[in-house]
Amino acid sequence: MAGETILTVVGNLVDDPELRFTPAGAAVTKFRVASTPRTFDKQANEWRDGEALFLACSAWRQTAENVAESLMRGARVIVTGRLKQRSYEDRDGIKRTVYELDVDEVGPSLRTATARITKTTRHNGPQAPQQPAADPWTSTGPPPQSADEPPF
């Protein structure tokens, strides 16, 4: 949609993701990401942490279930989504504004960790069972030695 603010945040999960379901049965997971900028102080010859940004995030449907099953507090993540602003009045009658990220994509940061990816099946109603296609990246045999294949 035109005019939306797309944002990518790299940070750590503050809490374990919380999975819930709407009355209609849609999965939604709420989690918070803390992103702290670091700068190098040349005079002190050391890294210094800046002020942390804490951002509430919401993932929906299959993404919500995958996040809740895969990530936990402290995990370093990369989150991309649409920044949303919401205003409300609290119990004391004070107007408040919060910013939240409506998540499109989320995954672990592999800068200091490893991950094993497992594809999930889609739940879009009744379908005939499908045989998974051969995935050349999961092959355990020797790599092909063809002029057309990359050497990695």
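Please refer to the structure placed before this passage.
The following paragraphs examine the structure supplied in this document. Predicted, not measured: the structure shown is a model, and the values here were computed from it.

A few points about unusual backbone geometry
- Positive phi outside glycine occurs at N45, with the angle close to 55 degrees.
- Position of N45 relative to the elements: it lies in the loop between β4 (38-41) and β5 (46-49).
- With phi around 55 degrees, R61 is a residue other than glycine that occupies positive phi space.
- With respect to the helices and strands, R61 occurs in helix α1 (residues 61-70).
- Given the relative accessible area of 54%, R61 is considered exposed.

Some remarks on the environment of V79
- Mapped onto the elements of the fold, V79 is located in strand β7 (residues 76-89).
- Residue V79 is classed as buried on the basis of its relative accessible area of 0%.
- When neighbours within four sequence positions are excluded, V79 is seen to be in contact with L7, T8, V9, F31, V33, C57, L101, V103, E105 and V106.

How each quantity is defined
Residues numbered from 1 in each chain as written. Predicted model: local features only at pLDDT ≥ 70, side-chain atom pairs only at ≥ 80, totals over all residues. Heavy atoms only, no water. Helix = DSSP H or I, 4+ residues; strand = E, 2+ residues; numbered from the N terminus. Buried < 20%, exposed > 50% of the residue type's maximum accessible area, 1.4 Å probe, protein only. Contact = heavy atoms within 4.5 Å.

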